[in-house]
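Each chain is listed here by its residues.
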Amino acid sequence: MFDFDDLERVLSEDEGSHASDAEGLAQPRPRQPVQEHGHVRIWAISDLHTDDPKNKEWLAHIDTKDTANDVIIVAGDISHKWEIIRATLSFFKEHYGRVFYVPGNHELWGGAEEDSMQKLEKLLKLCAELHVETAPAEVATSSRRVLVVPLLSWHHPQWDTEPDIEGWQGLLPVDQMLSDYPLTHWPRGISIKDGTAAKAVDKINDRLMDWEQILARRKNFHEVLSFSHFLPRVEANPEKRYLSYPNLAKGIGSNYLRARVETLQPDVHVFGHTHFGYDLVVDGIRYVQAPLAMSSERQSRGTTVAVGDFPDGKSRPHPFLVWHSRSGWAPRCRGAAWSAYVERYGRRPDVTSLVPSYVADCGLEPISGIGGAKAKVGWLPGRMPVWFFGPREHRIREAAAEADKVAERLRKEAAGTFKRAGTFKHRKQQIGSDEPLPIEASEVAILMNKGEVAILDVREGDFASRPAGCVPLSHPSQTSNFAALPDAELLELGERMMTGGGPRILVGEGSSPASCRHAALLLAALLRLWPRDVRPLRGGFDAWVKQGLPVEPTGSLGHGGY
Ligand SMILES: [Fe+2]
Ligand SMILES: [Fe+2]
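What counts, and at which threshold
Residues numbered from 1 in each chain as written. Chains lettered and ligands numbered in written order. Predicted model: local features only at pLDDT ≥ 70, side-chain atom pairs only at ≥ 80, totals over all residues. Helix = DSSP H or I, 4+ residues; strand = E, 2+ residues; numbered from the N terminus. Buried ≥ 20, exposed ≤ 12 C-beta atoms within 10 Å, placed from the backbone. Contact = placed C-beta atoms within 7 Å. Pairing = 2+ DSSP bridges. Axes fitted to C-alpha atoms, helices over the stretch in contact; angles between N-to-C directions. Right-handed = clockwise from strand over helix to strand, strands pointing away. Core = buried A, V, L, I, M, F, W, Y, C linked by C-beta atoms within 7 Å. Domains from an automatic or database assignment. Arc of directions from axis to C-beta. pLDDT = per-residue confidence, 0-100. Parallel < 35°, antiparallel > 145°, perpendicular 65-115°, else oblique. Left-handed = near helix turned anticlockwise from the far one by under 90°. Nonpolar A, V, L, I, M, F, W, Y, C, P; charged D, E, K, R; others polar.

For the protein, an unreviewed UniProt entry supplies the name Rhodanese domain-containing protein and the organism Symbiodinium necroappetens.

Here it is in structure tokens:
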């Protein structure tokens, strides 16, 4: 037999029935029906944003077969609209045995007639009315006891302890960039900027639970899961140089939350807010984010939203499975691009002036003079770009979208309607950045001596020899399709293509410079480089040989290895 139960019963079993055991557990929790057979699963999801019609549709199609005994963790950001919040929570209550929830930042948005603390209190009342749980409670089966701990939180800039990017200008301060600043209203003496809002929200946790008691009883549980909307650890966020808004870290995390998580030491902490799928262990705690995110984000960067087959991998989608009563914690998931990237390469927050092209394109300009000399566009050598770590179906879809954009450009160029202006936001950086820059064989020889280049042989066909040490990637059969390779093969290829910090050199056929230009545009798009950093060798393989650069036989691989 298994049973759902709540923390009050556990406390009374542990230490006898003391009135004080229930103190601090302000909300009564509904008792759930007892099931004689079956299993219990804990699912998690954040950032539902069900005011997005496609998200509402996604939710309506989730697989709710056999979820009547299951538990769902909703880690904030349903909507700022009251009726949507109510309808979404009611939907979960209808289909799941228990619903745990913490509000996100969107829920606290509103007009000045009601401050955000009042709105938060109203939300907690709504949860009590709907029997949505906002305080710690036990999920119990016949053999396992899992403690679920919701943690209210708010962000503050002081949480960010890593160095800012350097050598670039044009970054807006966080209070001008994040909607939370104009759209939330705080009581007198409380503000986001100095951390008093984060402190005030954190304090509500002490009303919803007896924190000391929770800590004292932690050892009585087989498993502990905590969750919040915001981030407890900077490691659960990509490094600043990779973010379209590099100062995002100033608006996503809380030291108060971090202190609670580190004291509680849950096995798993679920969070949300940044809309990056994550599954990463830091100092013994597994941090998981399973955001539904906006439909436009799923479309344009599904690789970095997804965690395995969540949210789009199945015909009937479901939230992210965290725990199963038969097998415990769900296996860790490789298909979360950013956490897989961090696991492979570690974090280098000390690299502050090298940014990818898509970051430089978001309004940054190099600072001229001494500081500006540092500003560089590109990637750390030898690292495969992050989206190739995402699930295969997303990689294929995004690569196809990039290939379509390149094809569209070529069509417009042929028709004489291609406009350079507008491709990049800032004219200053734009100069030459959107055109592959041919390179002479003599220059390649110099770069090769410095070890700064990767050589890509993009010739299509059977050849007896090729540039020594090159990556064979014939165009268009392989340049267009490599994102579809299995994970391990793609990783090997991706890291080889990104060897050295200089330009990628494409060796094509001297007789067909147009196809080499197409390959350069395509690879630049797929590797998120500026086209000028992918350089077709002028004269192709013939020029390579003429320059006396090293060659090797193609052997049994024929025209290419991939
Ligand atoms: Fe969100
Ligand atoms: Fe959020």
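We are not done yet, so read on.
### A word on the overall build of the protein
Within the protein, the regular secondary structure consists of 18 helices and 21 strands. For the protein, buried positions account for 46% of its 562 residues. Sequence separation of at least 24 residues holds for 78% of the intrachain contacts in the protein that already meet a minimum separation of 6.

### Here's the deal with the sheet that holds strand β2 (residues 71-74)
The five strands lie next to each other as β3-β2-β1-β11-β12, forming an open sheet whose pairing is mixed. Strands with a single pairing partner mark the edges of an open sheet, and in this sheet they are β3 (98-101) and β12 (328-329). Note: β2 against β3, four bridges, orientation parallel. For Ile73, the partnering residue across the bridge sits in β3 and is Phe100. Against the sheet, helix α3 (residues 82-95) contacts β2 and β3, and its axis sits at roughly 145° relative to β3.

### Concerning the pairing of β3
Where burial is concerned, the two faces of β3 agree: the one with Arg98 and Phe100 and the one with Val99 and Tyr101 are both buried. Taken together, β2, α3 and β3 constitute a β-α-β crossover, and its handedness is right-handed.

### Let's talk about unusual backbone geometry
Pro311 follows Phe310 through a cis peptide bond whose omega is 0°. By the element assignment, Pro311 lies in the loop between α10 (295-305) and β11 (320-324). Note the cis peptide between His475 and Pro476, where omega equals 5°. Note on placement: Pro476 falls in the loop between β18 (471-472) and α16 (487-497). Phi is positive for Gln265, which is not a glycine, with a value near 50°. Within the secondary structure, Gln265 is located in the loop between α9 (255-264) and β8 (268-271). Its 14 C-beta neighbours within 10 Å are what place Gln265 among the partly exposed residues. With a phi angle near 50°, Arg528 is a residue other than glycine that sits in the positive phi range.

### Quick notes on the nonpolar core
Core analysis: the largest hydrophobic core is formed by 135 residues, its most contacted members being Val322 and Leu456. Two domains each donate at least three residues to this core, and these are domain 1 (7-343) and domain 2 (386-557). If near-sequence neighbours (up to four positions away) are discounted, Leu456 is found in contact with Cys470, Val471, Leu473, Met497, Arg504, Ile505, Leu506 and Val507.

### Overview of the sheet that holds strand β19 (residues 504-507)
Across the sheet, four strands lie side by side as β18-β16-β19-β20; this open sheet has parallel pairing. Two strands bound the open sheet, and with one partner strand each, they are β18 and β20 (534-536). The pairing of strand β16 (residues 454-457) with β18 spans two bridges and is parallel. Looking at the pairing, Leu456 lines up with Val471 of β18. Across the face of the sheet, helix α17 (residues 513-527) comes into contact with β19 and β20 while running at roughly 170° to β20.

### Topic: α16
Every buried residue of α16 is accounted for by Leu493, Gly494 and Met497. The arc enclosing the buried residues of α16, seen along the axis, measures out at 100°, which places them on a common side.

### Section: the pairing of strand β1 (residues 41-45)
With respect to burial, β1 is a largely interior element, five of its five residues being buried. Where β1 lies against β11, four bridges are found, and the strand directions are antiparallel. Looking across to β11, one finds that Ala44 is bridged to Phe320. As defined by bridge partners, β1 adjoins β2 across four bridges and the pair is classed as parallel. Bridging across to β2, Trp43 finds its partner in Ile72. At this point the chain moves from β1, through helix α2 (residues 53-60), to the parallel β2, and the crossover so formed is right-handed.

### Let's talk about the confidence of the model for the protein
Confidence in the prediction for the protein averages 89 pLDDT; 89% of positions are at 70 or higher. Overall, residues 1-36 carries pLDDT values under 50, and its contacts beyond four positions in sequence, including any with other chains, amount to 57 contacts.

### A look at the packing of helix α13 (residues 392-415) against α17
Taken N-terminus to C-terminus, the directions of α13 and α17 make an angle of 140°; their axes are 9 Å apart at the nearest point. Relative to α17, the element α13 lies oblique. Crossing geometry of α13 relative to α17 is assigned as right-handed. For the pair α13 and α17, the contacting residues are Ala399, Glu402, Ala403, Lys405, Val406, Arg409 and Leu410 in the first and His518, Leu521, Leu522, Ala525 and Leu526 in the second. Taken together, the residues of the contact of α13 with α17 break down into eight nonpolar, one polar and three charged.

### Here's the deal with the environment of Gly302
As for its placement among the helices and strands, Gly302 is situated in helix α10. A sequence separation of 26 residues divides Gly302 from Phe276, and the C-alpha atoms of the two residues are 9.4 Å apart. Beyond its immediate stretch of four places on either side in the chain, Gly302 contacts Asp312, Gly390, His394, Arg397 and Glu398.

### Some remarks on the environment of Asn205
Structurally, Asn205 is set in helix α7 (residues 196-208). The exposure class of Asn205 is buried, given the 23 C-beta atoms found within 10 Å. For the pair Asn205 and Leu151, spaced 54 residues apart in sequence, the C-alpha separation works out to 6.5 Å. Excluding anything up to four places from it in sequence, Asn205 contacts Leu151, Leu152 and Trp211.

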